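Chain and residue survey
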Amino acid sequence: MPTYALIIRERYPPSDAGSRVGLVLSSTLAGMAIGGWMSGAIFDATLSYRVTFLNGFARNLLNMAIAAWLLLRLPRHRLARFA
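What counts and what doesn't
- Residues numbered from 1 in each chain as written.
- Predicted model: local features only at pLDDT ≥ 70, side-chain atom pairs only at ≥ 80, totals over all residues.
- Heavy atoms only, no water.
- Helix = DSSP H or I, 4+ residues; strand = E, 2+ residues; numbered from the N terminus.
- Rg over C-alpha atoms; globule rule 2.2 N^0.38 Å.
- Buried < 20%, exposed > 50% of the residue type's maximum accessible area, 1.4 Å probe, protein only.
- Areas by Shrake-Rupley, 256 points an atom, 1.4 Å probe, with all protein chains shown as cover.
- Phe/Tyr/Trp six-rings, centres within 6.5 Å; stacked < 30°, edge-to-face > 60°.
- Lys NZ or Arg CZ within 6 Å of the ring centre and 35° of its normal.
- Patch = residues over 30% accessible without salt bridge, like charges linked within 9 Å, V, L, I, M, F, W, Y side chains within 5 Å.
- Salt bridge = Lys/Arg side-chain N within 4 Å of Asp/Glu carboxyl O.

When you go through the chain residue by residue, the secondary structure sums to 4 helices and 0 strands. Element order for the chain, N to C, with α for helix and β for strand: α-α-α-α. Against the 2.2 N^0.38 benchmark of 12 Å for 83 residues, the chain shows a C-alpha radius of gyration of 17 Å, more extended than a compact globule. The buried share among the 83 residues of the chain stands at 8%. Carbon and sulfur atoms form 69% of the exposed surface of the chain, whose accessible area is close to 6800 Å².

Okay, structure coming up:
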């Protein structure tokens, strides 16, 4: 989570950074809360952790696909800084 502020500072002007950092951190915390609740709800419905782990695995694959898509959209000169 600490890197979110650095990423936002890179991508947006300082006048927008404060509200965007707050929005990103709030969304992150809400996602963590919903994820914990959802795992419990899936376990209660299936009485097995197998589906819960599959759900978590699928969501992590989705997150990695989004991150890869965002990296591929960067211009080549900005992408070289990450290498």
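Now for the packing of aromatic side chains. In the structure shown here, the tally under the stated rule is 2 aromatic pairs. Relative to Phe 53, the ring of Tyr 49 has its centre 6.3 Å away and its plane inclined at 45°; by these criteria the two rings are tilted. Linking Tyr 49 with Phe 53, this pair stays in helix 3 (residues 49–73), spanning 4 residues, or about one helical turn. The class of Phe 53 is exposed, set by a relative accessible area of 62%. An aromatic cluster is present here, built from Phe 43, Tyr 49 and Phe 53 joined pairwise through their rings. Above the ring of Tyr 12, the side-chain terminus of Arg 20 is found at 4.0 Å from the ring centroid.

On to a nonpolar patch on the surface, then. Together, Met 1, Tyr 4, Ile 7, Leu 29 and Met 32 make up a nonpolar patch on the protein surface, roughly 480 Å² of accessible area in all. Among the secondary structure elements, those contributing two or more residues to the nonpolar patch are helix 1 (2–11) and helix 2 (14–46).

Worth remembering: the numbers are spatial, not functional.
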